Amino acid sequence: MSNLRILSLSQKRISNLRINNACCCEIPAGPRGSGPPGPLRTCYSSQAGLVGNDVKSLHAIINPPVAKIRNIGIMAHIDAGKTTTTERILYYSGYTRSLGDVDDGDTVTDFMAQERERGITIQSAAVTFDWKGHRVNLIDTPGHVDFTLEVERCLRVLDGAVAVFDASAGVEAQSLTVWRQADKHRVPRICFLNKMDKTGASFKYAVGSIREKLNARPLLLQLPIGEAKTFRGVVDVVRKEKLLWNPSSADGRDFERKPLLETSDPELLRETTAARNALIEQVADLDDEFAGLVLGEFSEDFDLLPAEKLQTAIHRVTLAQTAVPVLCGSALRNKGIQPLVDAVTMYLPSPEERNYEFLRWYEGDLCALAFKVLHDKHRGPLVLVRVYSGTLKPQSAVHNISGNCTERISRLLLPFADQHIEIPALTAGNIALTVGLKQTATGDTIVSSKSSALAAARRAEREREGQHRPAGGAERPLLAGVEIPEPVFFCTIEPPSVARQPDLDHALQCLQREDPSLKVRLDPESGQTVLCGMGELHIEIIHDRIRREYGLETFLGPLQVAYRETIVSAARATDTLDKTVGDRRHLVTVELEAQPVGTSSAAPVARFSESVSKDLLRASQEAIENGLHSACLQGPLLGSPVQDVAITVHSLTVHPGTSTTMISACVSRCVQKALKKADKQILEPLMKLEVTVTGDYLSPVLADLAQRRGSIQEIQTRQDNRVVIGFVPLAEVMGYSTVLRTLTSGSASFALELSSYQAMNPQDQSALLSRKSGGL
Ligand SMILES: Nc1nc2c(ncn2[C@@H]2O[C@H](COP(=O)(O)OP(=O)(O)OP(=O)(O)O)[C@@H](O)[C@H]2O)c(=O)[nH]1
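Along each chain, the written sequence defines residue order, and numbers are assigned to residues from 1. Only residues with pLDDT of 70 or above have their local features reported here, since the model is predicted, and side-chain atom pairs are shown and tallied only from 80 upward, although totals for entire chains, interfaces and linings are computed over all residues. The basis for the side-chain values is all heavy atoms of the structure; hydrogens and waters are excluded.

**Some points on helix 18 (residues 698–707)**
Next up, step 1: Each residue is assigned to one of three classes by its accessible area relative to the maximum for its type, calculated with a 1.4 Å probe on protein chains only: buried under 20%, partly exposed between the two thresholds, exposed over 50%. Helix numbering and strand numbering both begin at the N terminus, where a helix is a DSSP run of H or I of at least 4 residues and a strand a DSSP run of E of at least 2. Buried within helix 18 are the following residues: Leu698, Val701, Asp704 and Leu705. The buried residues of helix 18 occupy an angular sector of 135° when the element is viewed end-on, so they sit on one face. Facing away from the buried surface of helix 18 by more than 90 degrees, the exposed residues are Ser699, Ala706 and Gln707.
Next up, step 2: Where helix 18 is buried, its residues touch strand 34 (680–694), strand 35 (711–718), strand 36 (721–729) and helix 19 (736–743).
Next up, step 3: Residue arginine 709 follows helix 18 closely and has a positive phi angle near 60°. The directions considered for the arc run from the helix axis to the C-beta atoms. It only takes one pair of heavy atoms within 4.5 Å for two residues to be counted as in contact.

Written out as structure tokens, the structure is:
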């Protein structure tokens, strides 16, 4: 028991303990650091009684006070250094005993084999650690555009985020995208300007780009001491102290904090005083309470204003999202990470400081969101959940509102990358993995029981009525799910033999539960399975995972762009279906018109003329709409989905006894006839492209883009680089990374993001159609 008591003293010491499932404790014989490098395999049983008098202290670790919890994410542009920053944070928090390195492929959060090989973060891994009395649940999010859904899914459950930027590049395309996503979910943020050691790093430039591109108000809480090669440490503007890292300390653990003095640092002190005064004025402008303080007691001398008062006001301003604290450092050179984690605990909100409106409907009863599903070979599906209210317990039944099913949770685990600690309960504000939920998918809302869901629904409905808001959806008060973007690429996938098709179906089913941006469909003509994904990398990784995790060597067909189709003129059609099945006659006649609609609408808009009898419509509206939808799944030109169309049903006659399936079939066939008659148009995905290139390679890049039907919007100057911003059809940038590497000797980088679907011009459209009909 005495060993367990150590747990209550310092969470850090957990890493020195090894407690197996039978709850016998073991302290490693060797000194700290003598074991194998990498994460420790710490886990303990939650069985009652086993921990005796230490239950209370153990609980403090497992379920810390909610005010001390920080659910945060790290978000940024690809390669800005999120993974390296996370690794440093885990190391300094005591959870890892060696510094992982993305370049050597041994990081904790990039635990999937492909991530290690490719050096990118595919899945956001959730890790939990403690920092100076705070519990931090940290989710490392991927930066590649193919995985924006992962970012979005994580933002949904975060209370705060750290935006990491490359200080030599400032705000890049993908940072802008994630910033907008964080705005949408109203997630308070702090900024970390990483790579201050890199040639070309510029604090001033990076801060300027936050102001201009993100339209945010940066609060400079630090100033760098030196830049690029000379970067040595940072100045804490709030406290007027310098933090210098010991150059002989290999891991950056060792740094000293000293007040700035007139005698030793006159210039730095002057600069810091000016920055502090500017910070105080800026915060006072944004926070009335702080303004009162500044204008009253401390108006004569800001130096007298206690740092704590300024920090509290910065916390409020960060929470209100009227400004963003900015810090800097170099994760790779181990500088600036500890103050960054201090800032996370100091300025980012605890769960109880966020205003989640749905909480009052549950009145303290369980309400949780499943935000990620992982498949573990041994434990089956693991579902990452965030609890918003109430308590989640193992060995208990829960109700999934979204899936309308009741399931059983067998165990609860605190995630530490691929290491997990078993816990006896999960309280509001926390994030953990559940074992046992077999049907729950990403984005599902979990409550204690069906009756609890109904009670919450009634409260939500009453509230809407009270506010005279339109009813709707109140019967199922779901936490807002994550919007799933439409895939832009697809290809066929084949198992190694027909006998392995069920194995492939199983693998794809599991992968889809994990990753809702992956879509799988069956090609009705060829009978082949088709994978639809967000990008080349996305599909490549799915292919790789099927091989590694499910032992299936599959064959992918050529990667194809997911086009859409629409019509540009109206067309009318009539159809009759007359079929006798057994002794039952099914007879339907329909007349309808397909028209283009101006506004963007993925699903067909259904309209009914007055002549369609109301009774008939009531009985068959669902069947008609099913028919419309199925007809629009495959357009007449390429078999791509048809969008931006309205279908008006002018007349409908149905023989008594006709089944609804036959009505759907007749309507579907008739819509296809009308679509065939109309003038048709192919829509292609248009990508927003940002290429960062040095001046000498600008011309070849522009010439190449012109040949790719690209249109250039502007060319910005960013330090020594040129940033080309424009639009280019997706079909023209397949394999662009290889081309760009060759064109620029590997010196350029680019980011792509789906902008819209645009109409192809007639020549390009007929060239595409003849290519397709020629089987090319
Ligand atoms: N010079 C310098 N390089 C850094 C720093 N931090 C990270 N890097 C390097 O930048 C590259 C990308 O780092 P990661 O940590 O993988 O970046 P990421 O943002 O997690 O990348 P994704 O997971 O692919 O989105 C690696 O080669 C790192 O070694 C830094 O502070 N200074």
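Moving on from the model shown.
**Regarding the packing of aromatic side chains**
Aromatic rings in a pair are described by how distant their centres are and how their planes are angled relative to each other.
Next up, step 1: Only Phe, Tyr and Trp rings take part, Trp by its six-membered ring, and two of them pair if their centres are within 6.5 Å. Stacked means planes under 30 degrees apart, edge-to-face means over 60, and tilted covers everything else. As enumerated under the stated definition, the model contains three aromatic pairs in all.
Next up, step 2: With centroids separated by 4.8 Å and ring planes inclined at 20°, the aromatic side chains of tryptophan 245 and phenylalanine 255 adopt a geometry described as stacked. Remark: phenylalanine 255 occurs in strand 12 (residues 255–259) and tryptophan 245 occurs in strand 11 (residues 241–245); sequence separation between them is ten residues.
Next up, step 3: Given a relative accessible area of 28%, phenylalanine 255 falls into the partly exposed group.
Next up, step 4: Here, over-ring charges are defined by two tests on the NZ atom of lysine or the CZ atom of arginine: distance to the ring centre within 6 Å, and angle to the ring normal within 35 degrees. One cation-aromatic arrangement involves arginine 189 over tryptophan 179; the distance from NZ or CZ to the ring centre is 4.5 Å.
Next up, step 5: Note that arginine 521 overlies the ring of phenylalanine 490, its terminal NZ or CZ placed 5.4 Å from the centroid.

**Digging into the pairing of strand 25 (residues 519–522)**
Next up, step 1: Summarising the sheet, strand 25 and strand 26 (residues 529–533) pair through four bridges and their orientation is antiparallel. Residue pairing in the sheet places leucine 522 in a bridge with threonine 529 of strand 26.
Next up, step 2: Strands are labelled as partners when DSSP assigns at least two bridges between them. Linking two consecutive strands that pair antiparallel, namely strand 25 and strand 26, is a turn of six residues; a positive phi of about 75° is found at glycine 527 within it.

**Remarks on the nonpolar core**
Next up, step 1: We call a set of buried residues a nonpolar core when its members are Ala, Val, Leu, Ile, Met, Phe, Trp, Tyr or Cys and they connect through side-chain atoms within 4.5 Å of each other. Formed by 108 residues in total, the largest nonpolar core has its most connected members in Val162, Leu193 and Ile210.
Next up, step 2: Examining the composition of this core, we find that seven residues originate from one element, helix 8 (residues 266–286), more than from any other.
Next up, step 3: In contact with leucine 193, other than residues within four places in its own chain, are Phe165, Ala167, Phe203, Ala206, Val207, Ile210, Val326, Leu327, Cys328 and Gly329.
Next up, step 4: By size, the runner-up hydrophobic cluster in this structure holds 39 residues, among which are Cys491, Val561, Val691 and Leu705.

**Comments concerning the side chain of arginine 564**
Next up, step 1: Looking at the element boundaries, arginine 564 is found in strand 29 (residues 564–567).
Next up, step 2: Looking at arginine 564, the relative accessible area reads 12%, which means it is buried.
Next up, step 3: For the purposes of these results, a polar contact is taken to be a pair of N or O atoms within 3.5 Å, where, inside protein, one atom must be able to donate a hydrogen and its partner to accept one; residues adjacent in sequence count only when each atom of the pair is a side-chain atom. A polar contact is formed between the side chain of arginine 564 and the side chain of glutamine 643, at a distance of 2.5 Å.
Next up, step 4: Apart from the residues within four sequence positions on either side, arginine 564 is in contact with Glu486, Ser640, Pro641, Gln643, Gln681, Ile682, Leu683 and Tyr757.

**As for the pattern of salt bridges**
Next up, step 1: The term salt bridge refers to a pairing of a side-chain nitrogen on Lys or Arg with a carboxyl oxygen on Asp or Glu at a separation within 4 Å. Taken as a whole, this structure holds 33 salt bridges when the rule is applied.
Next up, step 2: Among the salt bridges present, the one from arginine 253 reaches aspartate 251, with a minimum N-O distance of 3.6 Å.
Next up, step 3: In this structure, glutamate 289 and arginine 316 form a salt bridge, with 3.6 Å as the shortest nitrogen-oxygen distance. Here arginine 316 lies in helix 10 (residues 307–320) and glutamate 289 lies in helix 9 (residues 288–295), a separation of 27 residues in the sequence.
Next up, step 4: Overall, the relative accessible area of 57% leaves glutamate 289 in the exposed class.
Next up, step 5: Under the relative-accessibility criterion, arginine 316 is labelled partly exposed at 26%.

**Here we look at the environment of serine 449**
Next up, step 1: Tracing the backbone through its elements, the reader meets serine 449 in the loop between strand 23 (445–447) and helix 13 (450–466).
Next up, step 2: Linking serine 449 and leucine 366, residues 83 residues apart in sequence, is a C-alpha distance of 8.8 Å.
Next up, step 3: Separated by 3.1 Å, the side chain of serine 449 and the backbone nitrogen of serine 452 make a polar contact.

**Concerning unusual backbone geometry**
Next up, step 1: A positive phi angle, close to 45°, is found at lysine 132, a residue other than glycine.
Next up, step 2: Within the secondary structure layout, lysine 132 lies in the loop between strand 4 (125–131) and strand 5 (134–140).
Next up, step 3: Notably, glutamine 321 is not glycine yet its phi reads approximately 60°, a positive angle.
Next up, step 4: By the element assignment, glutamine 321 lies in the loop between helix 10 and strand 13 (324–328).
Next up, step 5: For glutamine 321, a relative accessible area of 24% gives the class partly exposed.

**Considering the state of the cysteines**
Next up, step 1: Two cysteine sulfurs form what is called a disulfide whenever their separation falls within 2.5 Å. Going through the model one piece at a time under the given rule, you end up with zero disulfides.
Next up, step 2: As a non-bridged cysteine, cysteine 491 has cysteine 532 as the owner of its nearest cysteine sulfur, 8.4 Å distant.

**Concerning the packing of helix 8 against helix 9**
Next up, step 1: Orientation of helix 8 relative to helix 9, taken along the N-to-C sense of each, is 130°, at an axis distance of 6 Å. Relative to helix 9, helix 8 is oriented oblique. Of the two elements, helix 8 crosses helix 9, and the hand of that crossing is left-handed. On helix 9, the residues that touch Ile280, Val283, Ala284 and Leu286 of helix 8 are Asp288, Phe290, Ala291 and Val294.
Next up, step 2: Residue composition of the contact of helix 8 with helix 9, grouped by class: seven nonpolar, no polar and one charged. Lines fitted to C-alpha atoms define the axes, with helix axes restricted to the stretch in contact, and inter-axis angles between N-to-C directions lie between 0 and 180 degrees. In what follows, roughly perpendicular refers to angles from 65 to 115 degrees, roughly parallel to angles under 35, roughly antiparallel to angles over 145, and oblique to any angle outside these ranges. The handedness criterion is simple: a crossing whose near helix is rotated anticlockwise from the far helix by less than a right angle is left-handed, and one whose near helix is rotated clockwise is right-handed. In this count, Pro and Cys sit with the nonpolar residues alongside Ala, Val, Leu, Ile, Met, Phe, Trp and Tyr, while Asp, Glu, Lys and Arg are called charged and the others, Gly among them, polar.

**Looking at the sheet that holds strand 30 (residues 571–581)**
Next up, step 1: Spatially, the four strands line up as an open sheet ordered 30-31-33-32, and their pairing is mixed. Strands at the two margins of the open sheet, each flanked by one partner only, are strand 30 and strand 32 (605–608). Taken pair by pair, the neighbouring strands of this sheet meet at an average axis angle of 30°, ignoring direction.
Next up, step 2: Relative to strand 33 (residues 645–654), strand 32 runs parallel, the two sharing four bridges. Opposite valine 605, over in strand 33, you have alanine 646 as the bridge partner.
Next up, step 3: Along the sheet, helix 16 (residues 614–632) contacts strand 32 and strand 33; its crossing angle with strand 33, the most-contacted strand, is approximately 135°.

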